[in-house]
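Each chain is listed here by its residues.
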Amino acid sequence: MLVLLPPSETKAAGGDGPPLELDALAHPELTPTRRKLAEALRSLAADVPASLSALGISARQTGEVERNAALFDSPTAPGLERYTGVLFDALDVRSLAAPERSRADARLAVASALFGLVRGSDRIPAYRLSGGSALPGLGGLRTVWRPVLEPVLQGSDEFVVDLRSGAYAELARVPGAVSVRVLSESADGKRKVVSHHNKSHKGRLARVLAAAADEPADVDGVLRLARGAGMRVEQESERALCVVVPA
């Protein structure tokens, strides 16, 4: 099973690993594109105003540009510990027991605008690049990633659960994946899509799927594990699930 996670804009600082080694990351077929993007991002960092514009951030966030300038020099950390925020707080990989963490590293992958896919144990530096960004000379990232990332994901024989957000799902389509959305239900039974807090529920689901001793191989397996963990999950179609939470 492969569970695709969205990344977070925020990244944990520091790390105890050596500087970035692109050749050491999983999915080496992505290395040329990773290198092209990383070098373009580092070069762009020499022009702070241009970086702020391309990254869609304010002058108060110049520290993010400094991170990009140091991409090949700063310390690294495991991917599942580098990303922060609501989803990763709920996932909380640091609290997993050793066997569970091993399963999480094998089953989870973070969609990344810079690296394409980041496996749990891939060591990466802190960086700033969003799925909707466009880099000078390269254009939009969907154009950059689709030709190389889609074959990797679509060519896998793994059962895929796709928790990515829209911009990252656009980087590579996975037609056979099971999608998941989060709905809130009010006392009168009316439902609506959950926006910000959907990340917390997706993080919880990812933790359940990652840590389970029995790896699910189909939708029924996902439903069984999620419901066993106390989550209310319903099947909407052959390849679509929804997590239902109180309004």
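See the structure above.
1. Some points on the pattern of salt bridges
For the structure on display, the rule yields 19 salt bridges. Across the pair glutamate 170 and arginine 146 runs a salt bridge whose closest N-O atoms are separated by 3.1 Å. One end of the pair, glutamate 170, is in the loop between helix H8 (166-169) and strand S9 (178-185); the other, arginine 146, is in helix H7 (residues 141-154), and 24 residues separate them in sequence. Note on glutamate 170: relative accessible area 35%, which makes it partly exposed. Glutamate 236 is the partner of arginine 181 in a salt bridge, and the nearest nitrogen-oxygen pair spans 2.8 Å. In this pair, arginine 181 is assigned in strand S9 and glutamate 236 in strand S11 (residues 233-237), connecting sequence segments 55 residues apart. Judged by its relative accessible area of 39%, glutamate 236 falls in the partly exposed class. Sharing partners across several salt bridges, the network here consists of Arg142, Arg146, Glu150, Glu170 and Arg173.

2. Considerations on the layout of surface pockets
The space that makes up the largest pocket amounts to roughly 280 Å³. Lining the largest pocket are 16 residues, with Pro6, Pro7, Ser8, Ser165 and Lys199 positioned closest to its centre. Sorting the residues of the lining of the largest pocket by element identifies helix H5 (86-91) and helix H9 (198-211) as the ones contributing at least two each. For the lining of the largest pocket, the class distribution of residues is 7 nonpolar, 6 polar and 3 charged.

3. A look at H7
In an α-helix, one turn spans 3.6 residues; hence positions three or four apart end up facing the same way. The terminal C-alpha atoms of H7, which comprises 14 residues, lie 18 Å apart, in line with the 20 Å expected from a rise of 1.5 Å per residue. The largest bend in H7 comes to about 40°, at proline 147. Turning to H7, its buried residues number three or more, namely Leu141, Val144, Trp145, Arg146, Leu149, Glu150, Val152 and Leu153. Contact partners of the buried residues in H7: strand S1 (2-5), helix H1 (31-44), strand S3 (108-112), strand S4 (116-119) and strand S7 (139-140).

4. Some thoughts on the environment of aspartate 92
In this structure, aspartate 92 sits in the loop between H5 and helix H6 (98-107). Distance from aspartate 92 to glutamate 81, taken between C-alpha atoms, is 8.7 Å for residues 11 residues apart in sequence.

5. Regarding the packing of helix H2 (residues 48-55) against helix H3 (residues 62-69)
At their nearest, the axes of H2 and H3 sit 10 Å apart, and the two run at 100° to each other. With respect to their mutual orientation, H2 and H3 come out roughly perpendicular. The segment H2 lies against H3, with Val48, Ser51, Leu52 and Leu55 engaging Thr62, Val65 and Asn68. Here the residues of the contact of H2 with H3 are counted per class, giving 4 nonpolar, 3 polar and no charged.

6. Things to note about the packing of H6 against H9
The interhelical angle for the contact between H6 and H9, taken along N-to-C directions, is 110°, at an axis separation of 8 Å. The angle between H6 and H9 falls in the class roughly perpendicular. For the pair H6 and H9, the contacting residues are Glu100, Arg103, Ala104 and Arg107 in the first and Leu209, Ala210 and Ala211 in the second. Per-class residue counts for the contact of H6 with H9 are 4 nonpolar, no polar and 3 charged.

7. Concerning the packing of aromatic side chains
Following the criterion strictly, the structure yields 3 aromatic pairs and no others. Where tyrosine 83 meets phenylalanine 88, the ring centres are 5.6 Å apart and the plane angle is 25°; that geometry is what we call stacked. For phenylalanine 88, a relative accessible area of 7% gives the class buried. With a centroid separation of 6.4 Å and 90° between ring planes, the pair formed by tyrosine 83 and tyrosine 127 is classed as edge-to-face. Of this pair, tyrosine 83 sits in the loop between helix H4 (79-82) and H5 while tyrosine 127 sits in the loop between strand S5 (123-124) and strand S6 (134-135), placing them 44 residues apart in sequence. Within the aromatic cluster, the residues linked to one another by ring pairs are Tyr83, Phe88, Phe115 and Tyr127.

8. So, the side chain of serine 130
Among the structural elements, serine 130 can be located in the loop between S5 and S6. The class for serine 130 is buried, based on a relative accessible area of 13%. Apart from the residues within four sequence positions on either side, serine 130 is in contact with Glu9, Ala113, Leu141 and Tyr168.

What counts and how
- Residues numbered from 1 in each chain as written.
- Predicted model: local features only at pLDDT ≥ 70, side-chain atom pairs only at ≥ 80, totals over all residues.
- Heavy atoms only, no water.
- Salt bridge = Lys/Arg side-chain N within 4 Å of Asp/Glu carboxyl O.
- Helix = DSSP H or I, 4+ residues; strand = E, 2+ residues; numbered from the N terminus.
- Buried < 20%, exposed > 50% of the residue type's maximum accessible area, 1.4 Å probe, protein only.
- 1 Å grid on protein atoms, 1.4 Å probe; cavity = no way out; pocket = protein on both sides within 12 Å on 5 of 7 lines; lining within 4 Å.
- Points joined across faces, edges and corners; volume = space filled by probe spheres on them.
- Nonpolar A, V, L, I, M, F, W, Y, C, P; charged D, E, K, R; others polar.
- Expected span 1.5 Å × (residues − 1).
- Bend = angle between axes of the 7 residues up to and from the residue.
- Contact = heavy atoms within 4.5 Å.
- Axes fitted to C-alpha atoms, helices over the stretch in contact; angles between N-to-C directions.
- Parallel < 35°, antiparallel > 145°, perpendicular 65-115°, else oblique.
- Phe/Tyr/Trp six-rings, centres within 6.5 Å; stacked < 30°, edge-to-face > 60°.

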